[in-house]
Amino acid sequence: LIPVYCDNKAALDISIKSNMSKRSRHFELYATFFKQYVGRFIEVVKVDTKENEADILTKALSPATFIAHRDKFTTSKSKLKIIDTQ
């Protein structure tokens, strides 16, 4: 199974449950397609927001959180350089 990590409770509920609310009707086709593969090829895994490395690509993070996530992506030989502009 391919793990899909998610920190959004609504997205987790939609991927597991078959009921759709009025607010989620606009992407019902996508959710139905996704549900067909959950359990067969995809495993939806709950991940804590603080542990979600994808946040480095999608959110403005504090410097400490950014560095912690950055270090999970890089090796000790290829650290990204942060230029201090202050």
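Up top you'll find the structure we're talking about.
In short, a report on the structure. Since the structure is predicted, the reported quantities are computational estimates derived from the model, not experimental observations.

Thresholds, definitions, all that
Residues numbered from 1 in each chain as written. Predicted model: local features only at pLDDT ≥ 70, side-chain atom pairs only at ≥ 80, totals over all residues. Heavy atoms only, no water. Buried < 20%, exposed > 50% of the residue type's maximum accessible area, 1.4 Å probe, protein only. Helix = DSSP H or I, 4+ residues; strand = E, 2+ residues; numbered from the N terminus. Arc of directions from axis to C-beta. Polar contact = N/O pair within 3.5 Å; in protein donor to acceptor, adjacent residues only side chain to side chain. Phe/Tyr/Trp six-rings, centres within 6.5 Å; stacked < 30°, edge-to-face > 60°. Salt bridge = Lys/Arg side-chain N within 4 Å of Asp/Glu carboxyl O.

**Re helix α1 (residues 9-16)**
Stage number 1. Within the span of α1, buried status applies to Leu12, Ile14 and Ser15. On an axial view of α1, the arc spanned by its buried residues comes to 165°, and they lie on one face. Turned more than 90 degrees away from the buried face of α1 sit Lys9 and Ile16, all of them exposed.
Stage number 2. The N-capping residue of α1, defined by a side-chain oxygen 2.9 Å from the backbone nitrogen of Ala10, is Asn8.

**Quick word on the packing of aromatic side chains**
Stage number 1. In total, this model carries 1 aromatic pair according to the counting rule given.
Stage number 2. Consider the rings of Tyr37 and Phe41, whose centres lie 5.6 Å apart with planes at 40°: the pair is tilted.
Stage number 3. For Phe41, a relative accessible area of 42% puts it in the partly exposed group.

**Describing the pattern of salt bridges**
Stage number 1. Taken as a whole and assessed by the stated rule, the structure comprises 5 salt bridges.
Stage number 2. Of the charged contacts, one joins Glu51 and Lys72 as a salt bridge, the two residues approaching to 3.6 Å between their closest N and O atoms. Placement of the pair is Glu51 in the loop between β2 (42-46) and α3 (55-58) and Lys72 in helix α4 (residues 63-73), with a sequence separation of 21 residues.
Stage number 3. Classification of Glu51 as partly exposed rests on a relative accessible area of 44%.
Stage number 4. A salt bridge links Glu53 to Lys72; the nearest nitrogen and oxygen atoms lie 3.5 Å apart. Of the two residues, Glu53 sits in the loop between β2 and α3 while Lys72 sits in helix α4, which places them 19 residues apart along the sequence.
Stage number 5. Linked through salt bridges whose partners overlap, the residues forming this network are Glu51, Glu53 and Lys72.

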